[in-house]
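Below, each chain spelled out in residue letters.
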Amino acid sequence: MGSPFVRSIVRGQYVFPRVFRWQLNAFLTRQYHPAKLANLLNDPAQLTGQFAVTFDDGYTSMARLACPILLEMRIPATLFIVVEGIGKTNVWDQREGDCVETMCTAAELRELAEQGFEIGSHSMNHPRLTRLTDAELRTEIFDSKKALEDLLGRPVLSFSYPYGEQDARVRQVVAEAGYTYATATTLNAVTSVTDPLAVPRVNMRWNTLGPELAGKLRRAYQAAEGIGDAHT
Ligand SMILES: [Zn+2]
């Protein structure tokens, strides 16, 4: 969240708070109903006409700019947190040459959980999971769950793959760790045949509004019907 005019290599991912509010309203205007991620997946009868909001990484700007808007609009969301980033900065982005951003503190995450936001894991260090050894993979997936559960005093049931990178081996470890659902970055709609460990998403960028949003939603539904390519 924040100004898309920031000096970032992913500045298209920065969304003005005002635009974020417009984006949420665009879903409501289209008669979509906000749902918790778990409900979206657990109740196939309600799969149409619902949307769930997720945020990856756990930037301070998410807590300070996006979460108050979600609370005010009574829209639930799942926040996926990089455990080693808590109270620090985004070293995984900086390694790729990106600008410094501060990450939520433990106290902020506890408060967000108290406010009703679901907290999920986005790994320990934000690596590309498919490139890790089995032992490293288990650390990233198992230890991040345990750390967040210890921090929050509640179960952590959801996971988000860093960079959306996952394969059968990664999904297997996520299942073994006890997560019940995990989100990827594939553009698609959630249907009754969606793999709960590869939940697709629509990437909302600074300009995902109007025809841009309509186009993404159309491509998501086409992907669900097996038509065309899926690109976020
Ligand atoms: Zn991420």
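Our structure's up above, just so we're on the same page.
Keep in mind that what you see is a predicted model, and the values were worked out from it rather than measured. (Residues numbered from 1 in each chain as written. Predicted model: local features only at pLDDT ≥ 70, side-chain atom pairs only at ≥ 80, totals over all residues.)

### What about the overall build of the protein chain?
Part 1: Secondary structure summary: the protein chain contains eight helices and seven strands in total.
Part 2: Taken over 232 residues, the protein chain has a buried fraction of 33%.
Part 3: Across the protein chain, contacts joining residues at least 24 apart in sequence account for 59% of those joining residues at least 6 apart. (Helix = DSSP H or I, 4+ residues; strand = E, 2+ residues; numbered from the N terminus. Buried ≥ 20, exposed ≤ 12 C-beta atoms within 10 Å, placed from the backbone. Contact = placed C-beta atoms within 7 Å.)

### A closer look at helix H6 (residues 134-152)
Part 1: Here H6 spans 27 Å end to end across 19 residues, near enough to the 27 Å set by a 1.5 Å rise per residue.
Part 2: Restricting attention to buried positions, one finds in H6 the residues Leu 137, Glu 140, Ile 141, Ser 144, Lys 145 and Leu 148.
Part 3: Looking at the buried positions of H6, the neighbouring elements they touch are strand S4 (77-81), strand S5 (118-121), strand S6 (158-160) and helix H7 (168-177).
Part 4: Among the residues trailing H6, Gly 153 stands out with phi positive, at a value near 70°. (Expected span 1.5 Å × (residues − 1).)

### What about the nonpolar core?
Part 1: In terms of nonpolar packing, the biggest core is built from 46 residues, with Met 62, Leu 79, Ile 81, Ile 119, Val 174 and Ala 182 touching the most fellow members.
Part 2: At the level of secondary structure, the elements contributing two or more residues to this core comprise helix H2 (37-42), strand S3 (53-57), helix H3 (60-72), S4, helix H5 (106-114), H6, H7 and strand S7 (181-183).
Part 3: Take this core: its biggest share by element is five residues, from H3. (Core = buried A, V, L, I, M, F, W, Y, C linked by C-beta atoms within 7 Å.)

### As for the environment of Ala 77
Part 1: By the element assignment, Ala 77 lies in strand S4.
Part 2: Classification of Ala 77 as buried rests on a count of 20 C-beta atoms within 10 Å.
Part 3: A sequence separation of 97 residues divides Ala 77 from Val 174, and the C-alpha atoms of the two residues are 21 Å apart.

### Examining the environment of Pro 4
Part 1: By the secondary structure assignment, Pro 4 is in the segment before helix H1 (17-29).
Part 2: Its 16 C-beta neighbours within 10 Å are what place Pro 4 among the partly exposed residues.
Part 3: Along the backbone, Pro 4 and Asn 207 are 203 residues apart, and their C-alpha atoms lie at a distance of 9.6 Å.
Part 4: With near-sequence residues (within four places) excluded, Pro 4 lies in contact with Arg 11, Gly 12, Tyr 14, Phe 16 and Trp 206.

### What to know about the packing of H1 against H3
Part 1: In contact at an axis separation of 10 Å, H1 and H3 are set at 35° when each is read in the N-to-C sense. Considering how the two elements wind past one another, H1 and H3 form a crossing that is right-handed. For the pair formed by H1 and H3, the contact residues are Pro 17, Phe 20 and Arg 21 on the first element and Leu 65, Ala 66 and Ile 69 on the second.
Part 2: Looking at side-chain class alone, the contact of H1 with H3 contains five nonpolar, no polar and one charged residues. (Axes fitted to C-alpha atoms, helices over the stretch in contact; angles between N-to-C directions. Left-handed = near helix turned anticlockwise from the far one by under 90°. Nonpolar A, V, L, I, M, F, W, Y, C, P; charged D, E, K, R; others polar.)

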